[in-house]
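# Examination of the molecular architecture
Residues per chain, in single letters:
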Amino acid sequence: MFYSSYTYYKSLITMYVRLVMMQAKLPDINSAIVRHRTGALVAMTQLNYSLCSTELSAINALLPPEYKVKEDSEEYYKIIKSQDVLICSKCEKETEYNDGMFYFQSISVELQLLFSLEKIQVWNCPLCNNQNIKDGSKRIIREKQNPFYTGYMPTVPKVSNFGNRLQYKHQFEKWFDIALNELESKIGLYRTDYAKQQDGDESDFEDEDDNVS
Ligand SMILES: [Zn+2]
């Protein structure tokens, strides 16, 4: 999901300005977060990508260690990857699907005539070592459900890795979407935990919310 329309960012900015008002009683870190988030959204409408990523980094820097989003592309893509498994026909255990697991196996002359093939692709179950036929194996692909938060975000895409500005724009928007969502999830968590820690402040916070709307 890419959000690139100016109206979308503008409505988000309005929403965040409202949040600033709501959070008058929360500590300074919160208003700084909202300020940087607004800055990031404005920078996005101006296509100022470097400022935009700086603003998001500033939010992450403000968050206490246990609420920071870790910057690690490899880990992020590993977590969001849908789960793809093959089932062994003998022990019925799941094995993660990967293209490198298959090899060719010659088949008997009778079968060669029957299937008009000399070899078939097979894989060995790492648990019971049973040899399974690739095309006959049961395969399950489980997609991740949205919204889905990983606690990780990919590193900021580098301009030099893209052939043209439009490609970079798309890539940056994709990154921005992920980074902002992951940060939002941590900010929400932090805010909830903070509210819980404050004796009686939680009700004050709700009252304020009502006043604003
Ligand atoms: Zn097996």
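Below is a summary of the structure that appears in this document. (Residues numbered from 1 in each chain as written. Predicted model: local features only at pLDDT ≥ 70, side-chain atom pairs only at ≥ 80, totals over all residues.)

With that settled, consider the packing of helix α3 (residues 49–62) against helix α6 (residues 165–197). Relative to each other, α3 and α6 sit at 15°, their axes nearing to 11 Å. Comparing their axes, α6 and α3 come out roughly parallel. The handedness of the crossing between α3 and α6 is left-handed. Of α6, the residues touching α3 (which contributes Y49, C52, L56, I59 and N60) are F172, F176, A179, L180 and L183. Grouping the constituent residues of the contact of α3 with α6 by class yields nine nonpolar, one polar and no charged. (Axes fitted to C-alpha atoms, helices over the stretch in contact; angles between N-to-C directions. Helix = DSSP H or I, 4+ residues; strand = E, 2+ residues; numbered from the N terminus. Parallel < 35°, antiparallel > 145°, perpendicular 65-115°, else oblique. Left-handed = near helix turned anticlockwise from the far one by under 90°. Contact = placed C-beta atoms within 7 Å. Nonpolar A, V, L, I, M, F, W, Y, C, P; charged D, E, K, R; others polar.)

Spatially, the three strands line up as an open sheet ordered β3-β2-β7, and their pairing is antiparallel. At either margin of the open sheet sits one strand with a lone partner, and together these are β3 (94–96) and β7 (138–142). Averaged over all pairs of adjacent strands, the angle between their axes in this sheet comes to 35°, without regard to strand direction. Both strand β2 (residues 83–87) and β3 contribute to a ladder of three bridges, which runs antiparallel. Its bridge partner being in β3, I87 is matched across the sheet by E94. (Pairing = 2+ DSSP bridges.)

With that out of the way, let us pick up the sheet that holds strand β5 (residues 119–124). On the basis of which strands lie adjacent, the open sheet formed by three strands has the order β4-β5-β6 and antiparallel pairing. Unpaired on one side and paired on the other, β4 (103–106) and β6 (131–133) mark the two borders of the sheet. Across the sheet, the mean angle from the axis of one strand to that of its neighbour is 55°, orientation sign disregarded. Sheet topology places β4 next to β5; four bridges connect them, and they run antiparallel. Bridge assignment links Y103 to a residue of β5, and that residue is V122.

This part takes up the nonpolar core. A40, M44, C52, L56, F176, A179 and L183 are the most contacted members of the largest nonpolar core, which totals 21 residues. Broken down by secondary-structure element, the contributors of at least two residues to this core are α2 (28–45), α3 and α6. Of all the elements, α6 adds the most residues to this core, at seven residues. Setting aside residues up to four positions removed in sequence, L183 forms contacts with L56, I59, N60 and V69. (Core = buried A, V, L, I, M, F, W, Y, C linked by C-beta atoms within 7 Å. Buried ≥ 20, exposed ≤ 12 C-beta atoms within 10 Å, placed from the backbone.)

Mapped onto the secondary structure, A32 falls in helix α2. Separated by 30 residues in the primary sequence, A32 and L62 have C-alpha atoms spaced 8.0 Å apart.

This part takes up the pairing of β5. Note: β5 against β6, three bridges, orientation antiparallel. Bridge pairing in β6 places N124 opposite Q131. Linking β5 to β6, which pair antiparallel, is a turn of six residues; within it N129 sits at a positive phi near 65°.

Let us now look at the packing of α2 against α3. One can describe the packing of α2 onto α3 by two numbers: an axis separation of 8 Å at closest approach and a directional angle of 165°. When the interaxial angle is binned, α2 and α3 end up roughly antiparallel. For the pair α2 and α3, the sense of crossing is left-handed. Where α2 abuts α3, its residues I29, A32, I33, H36, R37, G39, A40, A43 and M44 lie against L51, C52, E55, L56, A58, I59 and L62. Its residues assigned to classes, the contact of α2 with α3 shows twelve nonpolar, two polar and two charged.

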